[in-house]
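Here are the chains, one letter per residue:
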Amino acid sequence: MTKSSESREVVITGVGIVSPIGIGVDEFWKNLSTGQSGIRHGKLFPGFAAPDGVCAEVLDFTDESARKVYLKEQRKNLKAMCREIQLGVASALLALQNSAIDLSQINHERLGVEFGANLMLSPPEVLLEGCEACCEEGTTKFQPSEWGQKGLTKLEPLWLLRYLPNMPACHISISADARGPSNSLTLDDASGNTVIGEAMRILLRGAADMMIVGVTGTTLHPIKTLHQALWDDLARTPAEPERRARPFDLNRAGRVVAEGSCSFILEDRAHAEERGAKIWGRVLGTGSSCVTNTNQEANYRLALANAMRGALRDANLTPDQIGHINAHGLGTKEVDIAEAAAIHDVFGSDLGRNIPVTAIKSFIGNSGAGSGLLELAASVVSLTHGVIPQTLNYETPDPACPLNIVVGQPQPTSNNVVLSINVTKIGQAAASIVKVGA
């Protein structure tokens, strides 16, 4: 007899991290716990539009190291993966390794994949030859009508496969021989908490025993970084790169572009216990919302409040049972103020001012879809050590953001329940609640 959804529990049994402050749980925790920022002058991507070249790169993930270490069994497929896809596949393989799942002993029909990503853009130079072929002779005037016959033929043969946002899930499914449910989401910053919710529900309804759940993303791309520069959204001060991401600080000046990926293994508790798995924690609930008007202007405050309330209902918890909030903490004036207001809307004035809040973008910048699960992983890993991770660069409180920001050092705690929240530029918000520990 199969268990009902009411009696099932979804637990985290594996964590895979590819981040600007470390690859793998141990390196990530070492730098997180000691306050080491991953934001610096860029080395891997010269010429992009970030002010002073400041960004958060995964410096240890080069093509050579990816082939030799993190993607050694994927070498034949690397030519069909852009860097974002490589980051995502690497994090999933690290999560499988961390989970100690013996892939030779499982029912592969019961292993699924749920993965989030940004829309992926090819670098401008990839399109150059095709665009030139469609220009009037002797001019730079592009003729769109010529693209089908003259432009496409100039693109690399695997062009489409290298930049499809559903390809991380495809490569991961093939690598793990995952034949269960598979889905790909493209919800930018909200992708992480959304894939957690989708995978949790697949497991609760008994459609799988294990799910590889992850996200990958980058804003470290010539076109994506240019978009954000044109939105006047990128931090230009202070001069020191490691101080530039300043969530909720009065003197914050914008976001910092970044890249990263993170994956979890979610598993039915009974299945995990039967195989003797280490349990990192339990997913208690998730929520999501999208609020925007007819002019496509986002209402960040209401979207975040809706998502938090939905996650609390799903988890059957009240706000006072949450130990800390892992905030979106973008570092822009408007979004940080809206997020602080949303927290007060849900938690009330007193609790809203006192519940500990941390913002991990101060360490890792904003990688879009890659950020959400990296932030959640920061809380999960930290809570296993009995602490809440700190926020870097919070020096001057902003009266418009009356929050209890964890600063200076990780904060000891006995409450191991975390609420993680994210929101996108167009008002898509998602939240998840995890209780860390077996």
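Residues numbered from 1 in each chain as written. Predicted model: local features only at pLDDT ≥ 70, side-chain atom pairs only at ≥ 80, totals over all residues. Heavy atoms only, no water.

Quick look at the layout of surface pockets now. Its volume calculated, the largest pocket comes out at about 710 Å³. Taken together, 33 residues make up the lining of the largest pocket; nearest its centre are Asp188, Gln228, Trp231, Arg255 and Lys425. Within the lining of the largest pocket, the residues separate by chemical class into 10 nonpolar, 14 polar and 9 charged. (1 Å grid on protein atoms, 1.4 Å probe; cavity = no way out; pocket = protein on both sides within 12 Å on 5 of 7 lines; lining within 4 Å. Points joined across faces, edges and corners; volume = space filled by probe spheres on them. Nonpolar A, V, L, I, M, F, W, Y, C, P; charged D, E, K, R; others polar.)

By the element assignment, Leu158 lies in the loop between helix H5 (147-151) and helix H6 (159-162). The spatial distance from the C-alpha of Leu158 to the C-alpha of Pro123 is 14 Å, given a sequence separation of 35 residues. (Helix = DSSP H or I, 4+ residues; strand = E, 2+ residues; numbered from the N terminus.)

So, on to the pairing of strand S7 (residues 210-218). S7 sits mainly inside the fold: 9 of its 9 residues count as buried. The alternating pattern of S7 places Met210, Ile212, Gly214, Thr216 and Thr218 and Met211, Val213, Val215 and Gly217 on opposite faces, both of which are buried. Across 7 bridges, strand S5 (residues 111-117) lies against S7 in parallel orientation. By the bridge assignment, Ala117 is partnered in S7 with Thr216. Across 9 bridges, S7 lies against strand S8 (residues 259-268) in antiparallel orientation. Counted as the bridge partner of Thr216 is Ser261 from S8. (Buried < 20%, exposed > 50% of the residue type's maximum accessible area, 1.4 Å probe, protein only. Pairing = 2+ DSSP bridges.)

Take the pattern of salt bridges next. Tallied over the entire structure, the rule returns 24 salt bridges. Measuring nitrogen to oxygen at the nearest pair gives 3.2 Å for the salt bridge that ties Arg243 to Glu240. By relative accessible area, which is 32% here, Glu240 ends up partly exposed. For the salt bridge of Glu395 with Arg246, the shortest nitrogen-to-oxygen distance reads 2.7 Å. Here the residue Glu395 occupies a position in the loop between strand S12 (387-388) and strand S13 (404-405), and Arg246 occupies one in the loop between helix H9 (222-230) and S8, the gap between them amounting to 149 residues. For Arg246, a relative accessible area of 3% corresponds to the buried category. A cluster of three or more residues bridged by salt bridges with shared partners is formed by Glu240, Arg243, Arg246, Asp249 and Glu395. (Salt bridge = Lys/Arg side-chain N within 4 Å of Asp/Glu carboxyl O.)

A word on the pairing of strand S16 (residues 428-436). On any regular strand, side chains alternate: one points to one face of the sheet, the next to the other face. Counting buried positions over the 9 residues of S16 gives 8, a clear majority of the element. In terms of strand pairing, strand S9 (residues 281-290) meets S16 through 9 bridges, oriented antiparallel. What sits directly across from Val283, in S16, is Val434. One ladder, built from 7 bridges, connects strand S15 (residues 417-423) with S16; its direction is antiparallel. The partner of Leu419 across the bridge, within S16, is Ile433. If you look at the hairpin formed by S15 and S16, you'll find 4 residues sitting between the two strands, and Gly427 has a positive phi there, around 95 degrees.

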